[in-house]
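# Structural overview for review
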Amino acid sequence: MKIGFVGAGNIGQALAGDLVAAGHEVALSNSRGPETLADVVASLGEHAQAVGTEEAIAFGDLVVVTIPLRAVSDLPAEAFDGRIVVDTCNYYPARDGQIAELDDDSLTESELVARLLPGARVVKAFNSIFFKHLAEQGDAAAAPGTRRGIPVASDHPAAKQLVEELIDEIGFDFVDAGPLAAGRDFQNGADLYGAELTGDALAAALGRTEAPG
Ligand SMILES: NC(=O)c1ccc[n+]([C@@H]2O[C@H](COP(=O)([O-])OP(=O)(O)OC[C@H]3O[C@@H](n4cnc5c(N)ncnc54)[C@H](OP(=O)(O)O)[C@@H]3O)[C@@H](O)[C@H]2O)c1
């Protein structure tokens, strides 16, 4: 698969490394231009390239947006029309400033991203795992259910399925949290944010959070 990255920091590099190791092609952008990513793509190897942000958005089967949340509103929204977007972003007011819809919980973090990129099919994933764990904890050989669980939320089943395949390939357990609104259960501030659980345990925990009472 060909996977674009808008953002080539901690999470962008960790996830790109996992995906290259699994046999995929990646193209990464940042805010300062592709020439500043020479060392990053050199360390990722021949299946990685540095590009501009518009090129990263258009590059492949999906695009990972992994930047400070406040910067999403600076992206060229029309370029995302029809794209599958994997949103790893989290809301940290100290970094991102106060965002009223998140402060009053009228939107989840990824619903805000979906509103900012209205033509995209947004999948919330990889927001709830420390970047070093993303680089190191994948174990494709381990039995499904016993691997570290990655919670995923989206309103777009086909897009979610594509992300499920990638999560499995890089050695984690895909855990379907439900629609995009269910990101509330594992975004910053939620009990399950950053939870280090197996896929089976995470699925059970998410089930409990959804149960009445
Ligand atoms: N760190 C973690 O363990 C972790 C875990 C899960 C989720 N997250 C979330 O995932 C997101 C990325 O986290 P991170 O730790 O990888 O951040 P980071 O290390 O600070 O990297 C941010 C990246 O975004 C790029 N960027 C900023 N504004 C941009 C723009 N307008 N266009 C294109 N690229 C832009 C930066 O490029 P420049 O350097 O050129 O500015 C940099 O490559 C954040 O929302 C974070 O909360 C982080």
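Structure's up top.
What follows deals with the site of the ligand. Around the ligand there are 24 residues in total, and Ile11, Ser31, Arg32, Ile67 and Phe131 lie nearest to it. Within the side chain of serine 31, an N or O atom sits 2.6 Å from an oxygen atom of the ligand. At a separation of 2.8 Å, an oxygen atom of the ligand approaches a polar backbone atom of isoleucine 67. The cavity where the ligand resides is the largest pocket. For the shell around the ligand, the residue count by class is 12 nonpolar, 10 polar and 2 charged.

The next point concerns the packing of aromatic side chains. Taken as a whole and judged by the stated rule, the model has 1 aromatic pair. Across from the ring centre of phenylalanine 59, 4.8 Å away, lies the NZ or CZ of lysine 2, which sits over that ring.

Applying the stated criterion across every chain, the model contains 1 cavity of 30 Å³ or more. Taken as a whole, the largest cavity holds about 40 Å³ of empty space. As for the largest cavity, its lining consists of Leu15, Leu19, Leu62, Val64, Val86, Phe126, Val163 and Leu166. Looking at the lining of the largest cavity, the elements that each hand over two or more residues are α1 (10-21), β4 (62-65) and α8 (157-169). Residues that form the lining of the largest cavity fall into these classes: 8 nonpolar, no polar and no charged.

This next bit is on the layout of surface pockets. Volume-wise, the largest pocket comes out at about 490 Å³. In this structure, the largest pocket is lined by 23 residues; those nearest its centre are Asn10, Ile11, Thr88, Asn90 and Arg95. Where the lining of the largest pocket is concerned, the elements lending two or more residues are α1 and α7 (131-136). Broken down by element, the residue count for the lining of the largest pocket peaks at 3 residues, all from α1. Grouping the amino acids of the lining of the largest pocket by side-chain chemistry returns 10 nonpolar, 10 polar and 3 charged. Roughly 210 Å³ of volume is contained in the second largest pocket. Along the walls of the second largest pocket sit 15 residues, with Gly7, Asn30, Ser31, Ile67 and Pro68 positioned nearest its centre. Of the residues contributing to the lining of the second largest pocket, the split by class is 7 nonpolar, 7 polar and 1 charged.

The next thing to look at is the environment of leucine 180. Structurally, the position occupied by leucine 180 is in the loop between β8 (173-178) and α9 (199-210). What makes leucine 180 buried here is its relative accessible area of 4%. Residues within four places of leucine 180 in sequence aside, it is in contact with Thr108, Ser110, Glu111, Ala114, Val122, Lys124, Ala153, Ser154 and Asp155.

What follows concerns unusual backbone geometry. For aspartate 105, which is not a glycine, the phi torsion comes out positive at approximately 65°. Along the polypeptide, aspartate 105 turns up in the loop between α5 (100-103) and α6 (109-116). Notably, phenylalanine 126 is not glycine yet its phi reads approximately 65°, a positive angle. Along the polypeptide, phenylalanine 126 turns up in the loop between β6 (121-124) and α7. Using a relative accessible area of 6% as the deciding quantity, one classes phenylalanine 126 as buried.

Turning our attention to the side chain of asparagine 30. Take asparagine 30: it is sitting in the loop between β2 (25-29) and α2 (38-44). A distance of 2.9 Å separates the side chain of asparagine 30 from the backbone nitrogen of glycine 33, its partner in a polar contact. Engagement of the side chain of asparagine 30 in a polar contact is seen with the side chain of threonine 36, the distance being 2.9 Å. The residues touching asparagine 30, leaving out its near neighbours within four places in the chain, are Thr36, Leu37 and Thr53.

Let's shift gears to the side chain of histidine 24. As for its position among the elements, histidine 24 is in the loop between α1 and β2. Only 2.9 Å separates the side chain of histidine 24 from the backbone nitrogen of methionine 1, close enough to count as a polar contact. A polar atom in the side chain of histidine 24 sits 2.5 Å from the side chain of glutamate 169. Contacts of histidine 24, omitting those with residues within four sequence positions, involve Met1, Ile3, Leu19, His47, Leu166 and Glu169.

Cut-off values and rules
- Residues numbered from 1 in each chain as written.
- Predicted model: local features only at pLDDT ≥ 70, side-chain atom pairs only at ≥ 80, totals over all residues.
- Heavy atoms only, no water.
- Near = heavy atom within 4 Å.
- Polar contact = N/O pair within 3.5 Å; in protein donor to acceptor, adjacent residues only side chain to side chain.
- 1 Å grid on protein atoms, 1.4 Å probe; cavity = no way out; pocket = protein on both sides within 12 Å on 5 of 7 lines; lining within 4 Å.
- Sits in = over half its atoms within 2 Å of the grid points.
- Nonpolar A, V, L, I, M, F, W, Y, C, P; charged D, E, K, R; others polar.
- Phe/Tyr/Trp six-rings, centres within 6.5 Å; stacked < 30°, edge-to-face > 60°.
- Lys NZ or Arg CZ within 6 Å of the ring centre and 35° of its normal.
- Points joined across faces, edges and corners; volume = space filled by probe spheres on them.
- Helix = DSSP H or I, 4+ residues; strand = E, 2+ residues; numbered from the N terminus.
- Buried < 20%, exposed > 50% of the residue type's maximum accessible area, 1.4 Å probe, protein only.
- Contact = heavy atoms within 4.5 Å.

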